[in-house]
Amino acid sequence: MRATAVLATFSVAIAAIANDPERSFPTLAPSSWWESFNYSSLASSPWKPSKIKKAHDKRKKVYDGEWKLEEPYKYPSENATKGLVLKTKAAHHGISRWFDEPFTVDDDHPLVVQYEVKLQTGLDCGGAYLKLLDYNATDAQPQFSSATKYQVMFGPDRCGSNNKVHFILNRKSPVTGVSSEKHLVEPPMARYNLLTNLYTLIVDGDHYEIRINGNVAKAGRLTEEGTFSPSLNPPEEIVDEKDFKPLDWDDREYIPDPDQTNKPDWWEEKHGRVYIPDPNETMPADWLVDESPYIEIERDQPEDWDVDRDGEWEGMRLVVNPKCREVSGCGPWAAKKIPNPDYKAKWIQPDVKNPNYKGEWQPRNITNPKYYNDTHPWRLSPIGGIGFDLWSMNPDILFDNIYLGHSVEEAEAIGNSTFLPKFHQELADKKLRVAEEEAEVKPASPPPPSMEELMEQEDHRPKSNNFVVKFLRHHLSEVEEIAKGLFLKPIPTIFADPVKIIIYFCVFVVLFSIGFGVVMALIFVVTGIVPDGPPPESLTQQVVNQAVDADARRDADAKAVEDTTKQVVEIIEQDEDAVGVKETEAEALAKTSTTTATKRRGHTDETL
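Everything in this summary refers to the structure shown in the same document. Values in this document were obtained by computation on a predicted structure and should not be read as measured data.

**Observations concerning the overall build of the protein chain**
Okay, step 1: Helix and strand counts for the protein chain stand at 10 helices and 25 strands.
Okay, step 2: Counted over contacts in the protein chain with a minimum sequence separation of 6, partners at least 24 positions apart contribute 75%.

**Considerations on the state of the cysteines**
A disulfide bridge is the covalent bond that connects two cysteines by way of their sulfur atoms.
Okay, step 1: Per the counting criterion, the structure on display carries two disulfides.
Okay, step 2: There is a disulfide in this structure between C324 and C330, and the S-S distance comes to 1.9 Å. Here the S-S torsion is close to -125°, and the disulfide linking C324 with C330 is therefore left-handed.
Okay, step 3: Take C324: its relative accessible area is 15%, and that puts it in the buried class.

**Notes on unusual backbone geometry**
Okay, step 1: In this chain, S229 is followed by P230 through a cis amide linkage whose omega measures -5°.
Okay, step 2: With respect to the helices and strands, the residue P230 is situated in the loop between β15 (228–229) and β16 (237–239).
Okay, step 3: For F37, which is not glycine, the phi torsion reads 55° and is therefore positive.
Okay, step 4: When you line up the elements, F37 lands in the loop between β1 (33–35) and β2 (48–49).
Okay, step 5: On the basis of relative accessibility, which here comes to 1%, the residue F37 falls in the buried class.
Okay, step 6: One non-glycine residue, A90, lies in positive phi territory at about 55°.
Okay, step 7: Relative to the helices and strands, A90 is located in the loop between β4 (83–86) and β5 (91–105).
Okay, step 8: Here A90 falls in the partly exposed class, since its relative accessible area comes to 40%.

Calculation criteria
Residues numbered from 1 in each chain as written. Predicted model: local features only at pLDDT ≥ 70, side-chain atom pairs only at ≥ 80, totals over all residues. Heavy atoms only, no water. Helix = DSSP H or I, 4+ residues; strand = E, 2+ residues; numbered from the N terminus. Contact = heavy atoms within 4.5 Å. Disulfide = S-S within 2.5 Å. Buried < 20%, exposed > 50% of the residue type's maximum accessible area, 1.4 Å probe, protein only.

In structure tokens form, the structure reads like this:
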């Protein structure tokens, strides 16, 4: 039955390419399998979509995506044939085909998997990989799902920046009987253009090879450490979870110094103060240490003072010491403060090496009871079918020419007969369409009017409102496109037009600075904050200054009266004949001076 199915599939493929005399096709081995999807309909083919129901709602299918057999519509070629197409956007798709007889892979029979993928709408987020299903899987074909056991998963997968070609081995532990997936650590990147791409996996003993469009994209050894994650073989030793740290185990490398438990007395003086007096500053020579900067003087109570209205009269008042006005200062002198260069903050007890330190404690290792050595990871369990278990945001993903066999030569022959003619024709068609789009003649826009033509027009003034709106819309749309490009593809976007990006960035910084300044100015106005400057004098300081000025004026008036009296006495002694007249003049002058001083004193008291 196995040979009959293979030969039937092969005969269909030969009939599909028999009309092209330039094509040649080798004879496939009886154990090889090739699928070209040359069926009248999907229902008449051996491919069956999954009908498994959701656990919480038996009325709904898990795989609600639609499958069809149809030819490609994107860059169609004369060599294009029907393929299996994933049709539904943003849906789960599940479909499988089971073999009548198992497909074996061992030391003498390497594994070769190859198939075509055509992403007719691209691949933004989704998969296009296939699974080689385990022959011993208990799932019936209509019940195929992600839980169905498989041996190998291979093919492209992309979502955002995560882009790779999967190569996963599903290995079963001979000790525990549990299967685990082994992922290729550094897989190659998938192709997500709109052309047909050919993916090939070769596992020949310990050697593996991944080809894309016939070119080797990744190769290596299966048993080499670091090829898969997790590793093919579990560790030989594991940590003993029952081991515990002894109570007397000292893992402190440093301990507080037992000889320095108390803070030194000189610590605060030398290291504890943030600021200290400037040692280079000395007291000025004219500094009056014994004089107080302010003194109290007694003042007379005004005549119109009302105790009931104004309260008790305070006869004493505080004024600036006149002796301090002509010197550097009065009172106790202190040097200005400077940062302490020896400041060390709060005292902390110093640490010393711990003499009892035993190092960091580690639990002991024991032999791993689940250890096994997978020396032949290329020996797979029998393969019973092929399945697609996919979810994709992009519809119309076409799969074609799936090959499963043991011969690299057969896979290359199929690729040369089916893929290469198709690929070259699609590539030529794409280049032709691009060239036509670039060569498409567009109507030339008329030249801008000259200044003379604008002046001759009846209304030559531009509509400022429309111009501003169009200008802003144009640049805002450019900024939006640049922002999207930086988010999705930052490096190509920056290299595409770096000058424009720098200009927009500078404009943004300027506008942000202006807006920030306006906001801060409004905050200053609302909250009453004023710029820094000399603070205005307080009312008490103004009163003190007025009192000092009044004292100075009274002292000057008293001195003037004293000088005038001395002059009068000298005049009387010199001219005895004019005593009467001089006395009269002296008394008048003295009276006038006394009256003037009295008026000034009264005015000063009223002011105070």
